[in-house]
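# Structural overview
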Amino acid sequence: MRNPFFTSLSDFAKGRDDKRFSIEEVTRYFLSRTESLNASLNVCLSTNPNAINRARQLDARLARNGAQSPFYGYPVMVKDNFEMEGFPTTCASKILSGYVSRRTATSVARLLSLGAIVLGKTNLDEFAMGSSTENSAFGPTKNPWNPARVPGGSSGGSAAAVAAGLAPLSLGSDTGGSIRQPAAFCGVLGIKPTYGRISRSGLVAFSSSLDQIGPFALQASDALEALVAMGGRDPLDMTTDDRDPSEMRRDFQTTEIPGLRIGIPAEMFGEGLDSSIRDRLGELRDSLAGSGSREVAVTLPHSRFGINVYYLLATSEASSNLSRFDGVRYGFRVKEPADLRAMYEETRDRGFGDEVKRRILLGTFALSAGYQEAFYRKARKVQALIRGDFLKAFEQCDMILTPTSPSPPFAFGEKTGDPLSMYLSDVYTITANLAGLPALSVPVGLDSQGLPVGAHLIGPPWSEGRLLKVADKISSLYPMPLPEVHAGHPAGFREGGLK
Ligand code: GLN
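Not measured: the values here are computed from a predicted model.

### Some points on the overall build of the protein
- Helix and strand counts for the protein stand at 16 helices and 11 strands.
- In terms of overall dimensions, the protein is globule-like: its C-alpha atoms have a radius of gyration of 21 Å, near the 23 Å expected for 499 residues.
- Based on the C-alpha atoms only, the size of the protein along its principal axes is roughly 65 × 55 × 50 Å.
- Taken over 499 residues, the protein has a buried fraction of 61%.
- Residue pairs in contact within the protein that sit at least 24 positions apart in sequence constitute 76% of those at least 6 positions apart.
- As displayed, the protein has an accessible area near 18600 Å², and 52% of this comes from carbon and sulfur atoms.
- Computed over 55 positive and 53 negative side-chain charges, the inter-centroid distance for the protein is 2 Å.

In structure tokens:
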């Protein structure tokens, strides 16, 4: 359900300034909706006890000084792998139980400084490893379209929050598809910007060379404003770029669909793609062509190695990044271990879930002396080839269109017994991370079972504004319904879908 107050960020700002509603009213609405639906959807791992107070303070200041930003009073949810001072950050892992953050992620701090209100922290696969939220130590999130289906992952809570109308904007992280795949599964827009666009400071690191932060929203223009607000150089993250994020607004305004060259890689429309997704994408290609864009055949020959390369690089970096969770510095520690070594071993054994352990083992193996050349270094070389394919393709086209996911949202338990089949759900999204490119997923309606389908656009570095403009066009071609979600009856699920 769309909220009763506003349809977009700019509409919110207008309604707020025209006194159509107070910030407190809006905040109360979203919090109480979250309270009533969370038992069935399991979207939030914690809510913000200070939200109402903050809303009141913002209302009082608004009456005195007016608002400087559209985000002033805007409700936001944040994936629970972002740090927020004074709040628990669990990463959906038992190993962080009891841990309270002592700093705030730069991305969140920038939204807060504009007046945004964080309502709560959302569920995820443990340490963002997974594609379904089934790896959360706190139980999975339900897909608001159908409670028997996964919402995607790892940012499943953030995607479901926007789809179920618990917040109009949420933040996720994307290492191999964790924003785009859940966006597709929940029928919302999700964008992973260019590597270096948004500071990763305060995001708990999974694979530092691939991780990026991005928003979920219902409107492309809202996602654009969120990127502008969070983007730009941060002295706390050396990989952030100097360019001015407001350039994205200019690109959004000046991009036109007529004449736009859309690259179609045959590799990504072939075997393994669910037929109803292929059909939806086929319709989209026709409508885009009808709007004046032109299709260009491109080829990404090395993308077939994407999954292999990703699971070497991401696990290698994860094994190193996760070594800090040792029972000494953060969160959980076993009681009365026999000695120090037992303390480390038992803490990590009991604190981490199976998937995280699997990744640590794979990564430690890939980095071990004697194997580094054969695995890690080779993967880095293939990564360069994958990026090279994209840059070459972008000499012929402005952006590339693919499906976001090869399959519709799958059922709980369907892939948990077979990690490899779970890994394959990222086959179309992973290469954008390996190449550091911006990419988004935008809804293109529902499949034959009434489940959302996403289209995936990948662009050259720093082309977020253009990608979002095309997403905006796609949203106007495919006005997306939202699921009816009721308390106690998770997701107004009707057999046969909501069409
Ligand atoms: N599903 C992929 C994985 O399990 C990607 C996760 C992500 O982007 N954080 O690693």
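### Describing helix H5 (residues 156-163)
- Of all 8 residues in H5, 8 are buried; the element is thus mostly enclosed.
- Taken together, the buried positions of H5 are occupied by Gly156, Gly157, Ser158, Ala159, Ala160, Ala161, Val162 and Ala163.
- Positioned one or two residues after H5, glycine 165 has a phi angle of 70°, which is positive.

### Topic: the side chain of glutamate 83
- Within the fold, glutamate 83 resides in the loop between strand E2 (75-79) and helix H4 (106-113).
- A distance of 3.3 Å separates the side chain of glutamate 83 from the side chain of arginine 103, its partner in a polar contact.
- Every residue in contact with glutamate 83, bar those within four places of it in the chain, is listed here: Thr89, Tyr99, Ser101, Arg103, Thr104, Ala105, Lys121, Gly202 and Val204.

### Overview of the packing of helix H2 (residues 23-41) against helix H3 (residues 51-65)
- Direction vectors running N to C along H2 and H3 enclose 160°, while the axes themselves pass 8 Å from each other. Between H2 and H3, the angle falls in the class roughly antiparallel. Two packed elements cross with a definite hand, and for H2 against H3 that hand is right-handed. Here Ile23, Glu24, Thr27, Arg28 and Leu31 of H2 come into contact with H3, specifically with Ala51, Ile52, Ala55, Arg56, Leu58, Asp59 and Leu62.
- In the contact of H2 with H3, the residues fall into 7 nonpolar, 1 polar and 4 charged.

### What to know about the nonpolar core
- Core analysis: the biggest nonpolar cluster contains 135 residues, and Phe127 and Leu468 have the highest contact counts within it.
- The biggest single contributor to this core is helix H7 (residues 220-230), with 8 residues.
- In this view, leucine 468 contacts Leu189, Ile191, Ala220, Ala223, Leu224, Leu227, Phe252 and Leu440; residues no more than four positions away in its chain are not counted.

### Side note on unusual backbone geometry
- With an omega dihedral of 10°, the bond running from glycine 153 to serine 154 counts as a cis peptide bond.
- Note that serine 154 resides in the loop between strand E3 (117-122) and H5.
- Phi at alanine 92 takes a positive value of approximately 55°, unusual for a residue other than glycine.
- Tracing the chain through its elements places alanine 92 in the loop between E2 and H4.
- Of note in the backbone geometry, alanine 128 takes a positive phi value of approximately 70° without being a glycine.
- Looking at the secondary structure, you find alanine 128 in the loop between E3 and H5.

### Section: the pairing of strand E9 (residues 399-403)
- Within E9, 5 of the 5 residues are buried, which leaves the element mostly enclosed by the surrounding structure.
- Taken together, the 2 bridges between strand E7 (residues 261-265) and E9 define a ladder with parallel strand orientation. Counterpart to isoleucine 262 in the pairing with E9 is methionine 399.

### Here's the deal with the side chain of serine 293
- Relative to the helices and strands, serine 293 is located in the loop between helix H9 (275-290) and strand E8 (294-298).
- Serine 293 gets classed as buried once you look at its relative accessible area, which sits at 10%.
- In this structure the side chain of serine 293 is engaged in a polar contact, spanning 3.0 Å, whose partner is the backbone oxygen of leucine 288.
- Beyond its immediate chain neighbours, meaning those up to four positions away, serine 293 contacts Ile257, Pro258, Gly259, Leu260, Ile262 and Leu288.

### Quick notes on the packing of aromatic side chains
- Inspection of every chain in the model, using the stated rule, returns 21 aromatic pairs.
- Between tyrosine 311 and tyrosine 423, the ring centres sit 3.9 Å apart and the planes meet at 15°, which makes this aromatic pair stacked. In this pair, tyrosine 311 is assigned in helix H10 (residues 306-321) and tyrosine 423 in helix H14 (residues 419-423), connecting sequence segments 112 residues apart.
- Relative accessible area serves as the criterion here: at 8%, tyrosine 423 is assigned to the buried category.
- Ring geometry for phenylalanine 325 against tyrosine 330: centres 5.3 Å apart, planes inclined by 50°, an arrangement best described as tilted.
- A residue is classified by how much of its surface remains accessible, and phenylalanine 325, at 4% relative accessible area, is buried.
- Looking at tyrosine 330, the relative accessible area reads 25%, which means it is partly exposed.
- Feature note: the residues Phe5, Phe6, Phe12, Phe21, Tyr29, Phe30, Phe71 and Tyr74 constitute an aromatic cluster, connected by ring pairs.
- We note lysine 415 situated over the ring of phenylalanine 410; from NZ or CZ to the ring centre the distance is 4.9 Å.
- Between lysine 469 and the ring centre of phenylalanine 252, over which it is positioned, the NZ or CZ distance is 5.6 Å.

Reading guide: rules and limits
Residues numbered from 1 in each chain as written. Predicted model: local features only at pLDDT ≥ 70, side-chain atom pairs only at ≥ 80, totals over all residues. Heavy atoms only, no water. Helix = DSSP H or I, 4+ residues; strand = E, 2+ residues; numbered from the N terminus. Rg over C-alpha atoms; globule rule 2.2 N^0.38 Å. Buried < 20%, exposed > 50% of the residue type's maximum accessible area, 1.4 Å probe, protein only. Contact = heavy atoms within 4.5 Å. Areas by Shrake-Rupley, 256 points an atom, 1.4 Å probe, with all protein chains shown as cover. Lys, Arg positive; Asp, Glu negative; His and termini not counted. Charge placed at Lys NZ, Arg CZ, Asp CG, Glu CD. Polar contact = N/O pair within 3.5 Å; in protein donor to acceptor, adjacent residues only side chain to side chain. Axes fitted to C-alpha atoms, helices over the stretch in contact; angles between N-to-C directions. Parallel < 35°, antiparallel > 145°, perpendicular 65-115°, else oblique. Left-handed = near helix turned anticlockwise from the far one by under 90°. Nonpolar A, V, L, I, M, F, W, Y, C, P; charged D, E, K, R; others polar. Core = buried A, V, L, I, M, F, W, Y, C linked by side-chain atoms within 4.5 Å. Pairing = 2+ DSSP bridges. Phe/Tyr/Trp six-rings, centres within 6.5 Å; stacked < 30°, edge-to-face > 60°. Lys NZ or Arg CZ within 6 Å of the ring centre and 35° of its normal.

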